[in-house]
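Residues per chain, in single letters:
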Amino acid sequence: MEKQRSFSIKPTRLWLFSFTISFSLIFFIFFSIWVLNLPLYSRQETHFQFNSTTTAASASASVSLSLRSPFKIQSLTGFHKNYSATQIRNSILVSTHFNRVENESQVSNFSTFEGILGKENQPQSVAYDINSEKNSTFFGNRSTKSGTVSSKGLEIDSTSSSIPIWNQQQQQQQNVSIVLSKKEEASSNVLKVVNRKECDITKGKWVFDESYPLYTNASCPYIDEGFSCETNGRLDKNFMKWRWQPQDCDIPRFNATQMLELIRGKRLVFAGDSINRNQWESMLCLLMGAIKDPRKVYETRGRRITKEKGNYCFKFVDYQCTVEYYVTHFLVHEGKARIGSKRVQTLRIDTMDKGSSRWRGADILVFNTAHWWNHHKTKAGKNYYQERNQVHPRLDVSTAFEKSLTTWASWIDRHINPSKTQVFFRSSAPSHFSGGQWNTGGHCREASQPIPETYRGEYPEKNIIVEQIIGKMKTPVTFLNITGLSDYRIDGHPSIYGRKPGSSSRVQDCSHWCLPGVPDTWNEMLYMHLESKRRKSLPN
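Residues numbered from 1 in each chain as written. Predicted model: local features only at pLDDT ≥ 70, side-chain atom pairs only at ≥ 80, totals over all residues. Heavy atoms only, no water.

Taken as a whole and judged by the stated rule, the model has 18 aromatic pairs. Pairing F254 with Y527 gives two aromatic rings, centres 5.2 Å apart and planes at 50°, and the pair type is tilted. Here F254 is found in the loop between β12 (242–246) and α3 (256–262), whereas its partner Y527 is found in helix α8 (residues 518–537), with 273 residues between them in sequence. Judged on exposure class, the residue F254 and its partner Y527 are both buried. Seen from their ring centres, W280 and Y312 are 5.4 Å apart, and the 20° between their planes marks the pair as stacked. Linking W280 in helix α4 (residues 274–287) with Y312 in strand β15 (residues 311–316), this pair joins segments that are 32 residues apart in sequence. (Phe/Tyr/Trp six-rings, centres within 6.5 Å; stacked < 30°, edge-to-face > 60°. Helix = DSSP H or I, 4+ residues; strand = E, 2+ residues; numbered from the N terminus. Buried < 20%, exposed > 50% of the residue type's maximum accessible area, 1.4 Å probe, protein only.)

Pasting the structure below:
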C-alpha cells in the first residue's frame, strides 16, 4: 500500500519542476528582449563626430548645439571617410575637416570671406550657437552619400551641395551641406562665430597644374592677335598651366555655367585700358565653355574684336545677358585745349570720360586704369593735365592720378545705385621689361617660368592711392588686387608672340598677357567675389 502511494506522487513533482523551469526560461527571454528594445537615448548620451584625414590643407569647424528633446538617428549611410557615432542625449558635436580645392571646374568654399578653410598645420575652429534664426548653413568638402540625423529641434541633412569642390586627382566628390533647421526655439543666443580668420588670397604661389588651361586658342574665337600667343608661334605651353594657390585657402576654379547664372539677365561691363580688354577677352573665352551653340553668342553690332575698335557688347542669348567692354585709358576725359596759338592734347582730370554714360545701368562694373599713367603717355606732365579752363604747365603724375580717381569716385557715388550694381576696381598689372622699356628695346623673351615666390616686388604707389580713395567712398567698391600674384608671371607676356610670324616689328610686349593665361586667374577671383556675394544674400 505504501509503495503504491509513493509511485502516484512522483509524476506530479516532475510536472511541477518542468513547469517552473520552462516558465523561468520564457520570462528570462521576454525580459531580455524588452531590455534590448529600450530606446538608446533613454540611458545614454550621444556624441556624433565626422573625421577625415587628408594630405591637403584643411581646417575644422565645430558646432555645439543644445537640444531640449531627445535625439533620434533616422539614417546615416555611406560615408567614404571614417566616422564614429556615440549617443548623447543633450548635445551634438559635429567636427568636419575641409579639404583644399585642387583642380576641377566647380565652385568651392570661400575661405577668403568665411574663414572656413585653413592651413593644414593651423586648423581653425569655428564655433556656432543656435540662435533665433530659422536656418544657418555652412559647407564642407566630403565624399558622401546622403544621410540625415534629425530630432525635434535639429535636422542635419548631408546631401550634395550646389557648390561642389574637386581635388587634384580628379576624384568624384560631393559637398556636405549641413543645415541647422530650428523647428522649435532652442536658444535665445545670437549666432556667434569665434576665432574667425580671413584668408589673404594675394599671398601664395603658382603651382603647375596639368588640368589647365580652362580653354584653348582653338576653342575660343574671341582672342585677338595681340594675345593669341600660341597662334602666333609660341611653342612652349607651360605658361598656360599655372594655377594660383593662396597659402591659407583656395580660389575656386571658374565654373562657366554658374557664372552665366550669376549674370543671367544682367550687364557685366569692363571699362578701362587694354589690360582690361585683356581680362574681358579672357571672360568671354571662359564663358564659352558652357555654351553649346556658339551661334547664340554674338556682338550686337557685328564687330570683330581688334585693337582698332574700343567698344564691344556680346550677348549670350540663352542667358539674356551681355558682357561688354568700353575703352577708357584714364577713366577721365581725353580732350584738347588751346595753349597760345596751338591746340594741344590734354587730360581733363576733373571730368569723366565722355563714354561714361554707357557704363550706367550695368549690374557689374569692373574698372581699371594705370597702364597709361607713365612718363611717355602723359607727356611727362607738361602742359597736359587740365582742370576746368586751366592747363597745368607741369603736374606730378601721382597728383594727377589721385585727382582723376577722385573724379571717378565722385561719379560712382552720384550715378551708381549700390543695391543694383556691384563695383570692382582691379589693381595695376605689372610689366616685366628688361634692358629698357617697350619703346627702347625692352624684352622678356627668355622667360619661360614664373619668378620664385621668394621674390617681393615693390607695391605700386597707384594701388595705394586707389585703396585710399575707395576707403572714402559711400558706394562699396571691391578692390581686386592682382598685382603681386601677377608680378611672379614674367613668363605670361606675349613678348615676341604678340603678332603673327614674319612681322618686322622688333617691339616686344611685356605688358599685356597671353590668353589662355594670367587674366583667367583675375576672372576666377572676380567669380569668387560674385559667388560669395550671392551666397551671403541667400535667406537664412
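That was the structure; now back to the text.
To continue, consider the state of the cysteines. Tallied over the full model, the rule gives 4 disulfides. When the cysteines engaged in disulfides are numbered in sequence order, the protein chain pairs them as 1-4, 2-5, 3-8, 6-7. The thiol of C321 is not disulfide-bonded; the next cysteine sulfur, from C313, is found 9.8 Å away. For C321, a relative accessible area of 0% corresponds to the buried category. (Disulfide = S-S within 2.5 Å.)

Close approach of charged atoms allows side chains of opposite charge to pair. For the coordinates displayed, the defined rule picks out 16 salt bridges. The shortest N-O distance in the salt bridge between K420 and D363 comes to 2.9 Å. One end of the pair, K420, is in the loop between α5 (397–415) and β22 (422–426); the other, D363, is in the loop between β18 (342–352) and β19 (364–367), with 57 residues separating them in the sequence. Members of the salt-bridge network, linked through shared partners, are D224, R277 and E281. (Salt bridge = Lys/Arg side-chain N within 4 Å of Asp/Glu carboxyl O.)

Note that the residue after Y212, namely P213, is joined by a cis bond; omega there is 10°. Here P213 lies in the loop between β11 (204–208) and β12. Here L515 and P516 are connected by a cis peptide whose omega angle stands at -5°. Along the chain, P516 turns up in the loop between α7 (483–487) and α8. A positive phi angle, close to 55°, is found at K379, a residue other than glycine. If you trace the backbone, K379 turns up in the loop between β19 and β20 (385–387). On the basis of relative accessibility, which here comes to 39%, the residue K379 falls in the partly exposed class.

What follows covers the sheet that holds strand β13 (residues 267–272). With mixed pairing, the 7 strands of this open sheet are ordered in space as β14-β15-β16-β13-β19-β22-β23. Edge strands, defined here as strands with exactly one partner in the open sheet, are β14 (297–299) and β23 (477–480). Going across the sheet, the axis of each strand differs from the next one's by a mean of 15°, ignoring polarity. As judged from the 4 bridges shared by β22 and β23, these two strands associate in the parallel manner. If you follow F424 over to β23, its bridge partner there is T478. Along the sheet, α4 contacts β13, β15, β16 (321–327), β19, β22 and β23; its crossing angle with β16, the most-contacted strand, is approximately 160°. Contacts from α8 reach β13, β19, β22 and β23 within the one sheet, and its direction differs from that of β22 by about 155°. (Pairing = 2+ DSSP bridges. Axes fitted to C-alpha atoms, helices over the stretch in contact; angles between N-to-C directions. Contact = heavy atoms within 4.5 Å.)

With that settled, consider the side chain of N368. Residue placement: N368 occurs in the loop between β19 and β20. Polar contacts involving the side chain of N368 include one to the side chain of D273, which spans 2.9 Å. Here N368 is in contact with A271, G272, D273, I275, N276, L331, F425 and R426, once residues within four sequence places are set aside. (Polar contact = N/O pair within 3.5 Å; in protein donor to acceptor, adjacent residues only side chain to side chain.)

Our focus in this paragraph is the side chain of Q245. Structurally, the position occupied by Q245 is in strand β12. Among the polar contacts listed, one links the side chain of Q245 to the backbone oxygen of C249, at a separation of 2.8 Å.

Along β12, 5 of the 5 residues are buried, which leaves the element largely enclosed by surrounding structure. Here β12 shows no split at all, with W242, W244 and P246 on one side and R243 and Q245 on the other all buried. Strand direction decides the pairing type here: β11 and β12, joined by 5 bridges, are antiparallel. Across the sheet, V207 pairs through a bridge with R243, a residue of β12.

As a further point, take the environment of S398. Inspection of the secondary structure puts S398 in helix α5. Setting aside its immediate chain neighbours within four residues, S398 contacts E461 and I465. For S398, the side chain forms a polar contact with the side chain of E461, separated by 2.9 Å.

Another point: the packing of α4 against α8. Contact geometry of α4 with α8 gives a least axis separation of 9 Å together with a crossing angle of 75°. Relative to α8, the element α4 lies roughly perpendicular. Every residue of α8 that contacts α4 at I275, N278, Q279, S282, M283 and L286 is listed here: P519, D520, W522, N523 and L526. (Parallel < 35°, antiparallel > 145°, perpendicular 65-115°, else oblique.)

It is at 10 Å that the axes of α5 and helix α6 (residues 461–472) come closest, and there the two elements cross at 30°. The orientation of α5 relative to α6 falls into the category roughly parallel. Of the two elements, α5 crosses α6, and the hand of that crossing is right-handed. Mapping the contact onto sequence places S398, F401, E402, L405, T406 and A409 in α5 and E461, K462, I465, V466 and I469 in α6. Within the contact of α5 with α6, the residues separate by chemical class into 6 nonpolar, 2 polar and 3 charged. (Left-handed = near helix turned anticlockwise from the far one by under 90°. Nonpolar A, V, L, I, M, F, W, Y, C, P; charged D, E, K, R; others polar.)

This paragraph deals with the confidence of the model for the protein chain. For the protein chain, per-residue confidence averages 75 on the pLDDT scale, and 66% of positions sit at 70 or higher. Throughout residues 1–9 the model reports pLDDT below 50, and contacts reaching past four residues in sequence, or to other chains, amount to 0 contacts. Segment residues 40–196: pLDDT under 50, and 394 contacts once partners within four positions in sequence are set aside and those in other chains are kept. (pLDDT = per-residue confidence, 0-100.)

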